[in-house]
Amino acid sequence: MKGKDNMNVLITGATGGIGQALIEVFYKNNWNILAVGRNKKILAELKLKYEDKIEIYSRDIEKKEEIEKFLQEIENIEINLLINGAGIGEIGEFENISLIEEQRMIDINIQALLTLTKHFYKKMLERKEGGIINISSTAGFQVGGPLMCGYYATKAYVNSLTFGLIEESRGKNIKIMLLCPGPTATNFKGMKREIVGVEKFYVTTPEEVANQCYKDYISGKNLSIPGKVNKILYYLNRFIPWKIQLKNIEKIQRKKQKETLK
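First things first, this report covers the structure right here in the doc. (Residues numbered from 1 in each chain as written. Predicted model: local features only at pLDDT ≥ 70, side-chain atom pairs only at ≥ 80, totals over all residues. Heavy atoms only, no water.)

Okay, the side chain of Thr-184 next. Locating Thr-184 in the fold gives a position in the loop between β6 (174–179) and α6 (206–218). For Thr-184, a relative accessible area of 7% puts it in the buried group. Only 3.0 Å separates the side chain of Thr-184 from the backbone oxygen of Gly-182, close enough to count as a polar contact. At a separation of 3.3 Å, a polar atom in the side chain of Thr-184 contacts the side chain of Thr-204. (Helix = DSSP H or I, 4+ residues; strand = E, 2+ residues; numbered from the N terminus. Buried < 20%, exposed > 50% of the residue type's maximum accessible area, 1.4 Å probe, protein only. Polar contact = N/O pair within 3.5 Å; in protein donor to acceptor, adjacent residues only side chain to side chain.)

Before going further, it helps to examine the packing of helix α4 (residues 99–127) against helix α5 (residues 149–168). It is at 9 Å that the axes of α4 and α5 come closest, and there the two elements cross at 15°. Judged by the inter-axis angle, α4 sits roughly parallel to α5. Crossing angle aside, the handedness with which α4 passes α5 is right-handed. Contacts between α4 and α5 pair Glu-102, Met-105, Ile-106, Asn-109, Ile-110, Leu-113, Leu-114, Thr-117 and Tyr-121 from the former with Gly-150, Tyr-151, Thr-154, Lys-155, Tyr-157, Val-158, Leu-161, Leu-165 and Glu-168 from the latter. (Axes fitted to C-alpha atoms, helices over the stretch in contact; angles between N-to-C directions. Parallel < 35°, antiparallel > 145°, perpendicular 65-115°, else oblique. Left-handed = near helix turned anticlockwise from the far one by under 90°. Contact = heavy atoms within 4.5 Å.)

On to the pairing of strand β1 (residues 8–12). The element β1 is largely enclosed, with a buried count of five among its five residues. Along β1, one buried face is formed by Asn-8, Leu-10 and Thr-12 and the opposite face, lined by Val-9 and Ile-11, is buried too. Judged from the five bridges that link them, β1 and strand β2 (residues 32–37) form a sheet pairing that is parallel. Bridge assignment links Asn-8 to a residue of β2, and that residue is Asn-32. With helix α1 (residues 17–28) bridging β1 and its parallel neighbour β2, the resulting β-α-β unit is right-handed. Where β1 lies against strand β4 (residues 81–84), three bridges are found, and the strand directions are parallel. The residue bridging Val-9 from the neighbouring strand is Leu-81, located in β4. (Pairing = 2+ DSSP bridges. Right-handed = clockwise from strand over helix to strand, strands pointing away.)

The analysis is restricted to geometry; functional conclusions fall outside its scope.
See the structure below:
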């Protein structure tokens, strides 16, 4: 892969597992990194590790005013690639997840992503150059997600928005890609546990996701699904009746829910 000296990538969710792995990949390929996250300790560690190749921003992007201040702060920095990586999820029965938690998922998974995408897409149109990677999930392809209803719904929004933008951006020299990891071994709800049994065949690591993301983006792909098994499941899922899909998803999420309660 060729280096990208003097190219700037903005990564939200930079203090999470996939976010940190993406920073490592883009650093190795000579990009300058703007890392946005909430964990000040991890941000400080990233600055210490990557020094002059990274600028850190401790921002709570679930708040509109924080996004607005941040965008004003970096107004004069040309962003060549935006990676919307910030995302949260809640697991449990719909009635047991508070409205505040549901709204917070919408604010981070949808509202922040939409705001940043629209802002930088317009700037890229003016320059006739740039790229956007929206990180979603294979959950976004499902008809629904029992025990994670709100999370699955937010990812369906991200998938739909990004696919639409992929078509709109054709011929405008802007690269749009949707990254849809399957289950990934991070601190995400239900995934902070030992991966055993059949899960070993389809649960990916943050490093695998980040490397596949970079490879697919550089090669010009619009959709990236890390992991061979996850790719196969994506295609097979089209032929499974939706009621069976929902039952299978509930079984998987029920297991994750038990793990979070230990």
